[in-house]
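Take a look at the letters that make up each chain.
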Amino acid sequence: MSGGLSAGLRAVLLGAPGSGKGTQAERVAAARAVPAISTGDMLRQAVAEGSELGARVKSVMAAGLLVDDALMTEVVRERLGRSDACSGFILDGFPRTISQAEALDALLAACRHALDAVVLLEVPQEALVRRALGRKRDDDKEEVIRQRLELYREKTEPLVGHYAGRGLLVRVDGGRPMDDVTAAILARLAPA
Ligand code: AMP
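So, how was this worked out
- Residues numbered from 1 in each chain as written.
- Predicted model: local features only at pLDDT ≥ 70, side-chain atom pairs only at ≥ 80, totals over all residues.
- Heavy atoms only, no water.
- Helix = DSSP H or I, 4+ residues; strand = E, 2+ residues; numbered from the N terminus.
- Buried < 20%, exposed > 50% of the residue type's maximum accessible area, 1.4 Å probe, protein only.
- Lys, Arg positive; Asp, Glu negative; His and termini not counted.
- Salt bridge = Lys/Arg side-chain N within 4 Å of Asp/Glu carboxyl O.
- Contact = heavy atoms within 4.5 Å.
- Near = heavy atom within 4 Å.
- Polar contact = N/O pair within 3.5 Å; in protein donor to acceptor, adjacent residues only side chain to side chain.
- Areas by Shrake-Rupley, 256 points an atom, 1.4 Å probe, with all protein chains shown as cover.
- Nonpolar A, V, L, I, M, F, W, Y, C, P; charged D, E, K, R; others polar.

A. Quick look at the side chain of K21. Here K21 is to be found in helix α1 (residues 21-32). D92 is the oppositely charged side chain nearest to the buried, salt-bridge-free K21, at an N-O distance of 4.3 Å. Excluding anything up to four places from it in sequence, K21 contacts L13, L14, G15, A16, D92, G93 and L121.

B. Main features of the site of the ligand. Neighbouring the ligand are 15 residues, the closest being T39, R44, L65, G93 and Q100. With respect to the ligand, the side chain of Q100 contributes an N or O atom lying 2.9 Å from a nitrogen atom. Burial of the ligand by the protein amounts to 96% of the accessible area it has alone, namely 480 Å². The element contributing the most residues to the shell around the ligand is helix α2 (residues 39-49), with 4 residues. When the residues that make up the shell around the ligand are grouped by side-chain class, the tally is 7 nonpolar, 4 polar and 4 charged.

Keep in mind that these numbers describe shape and distance, not what the molecule does.
Shown next, in the form of structure tokens:
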């Protein structure tokens, strides 16, 4: 747990596509006065702006595939270096692979910080597909949703064991009403 000089919340929200990570990240971040950092939102913005980054990730995102670890780590390194992330952050959508988790540890260690918690939002598979189909995003066609779920199982789910082994994992039932989920997350995080 962080204390003294590093007080603040450094947390990761983990969960399958459609688990409600984005919404909960925003709510928890607002309650704890830290930024919610969504790599998906950052990439969608880059695509919308037509930036060089956007051009590099556009087709990968549209296919429901993962952007490569080195590029993602660079995006997150730059974002965590901004002043608003000094006292903490909620990461939504990163890390998504073991290699990204290791890169995050290295980024934090370089400024003598560490993660306080990794919150896993648990939602049954049928509810995930239903929720994702209810959204209106370009990468929310059914076959792309299935692709993203498959990659989640293969590449991201191993992070559950990785963080549980380090005593950082907090499991929260994400199938309940939104307000209850937010309250449950806040109750399980160390107080500010
Ligand atoms: P999300 O909004 O988190 O579901 O992300 C949307 C898409 O952005 C994903 O399907 C990936 O193509 C890409 N993406 C976002 N974050 C990452 C990441 N950490 N690693 C690789 N690809 C990512």
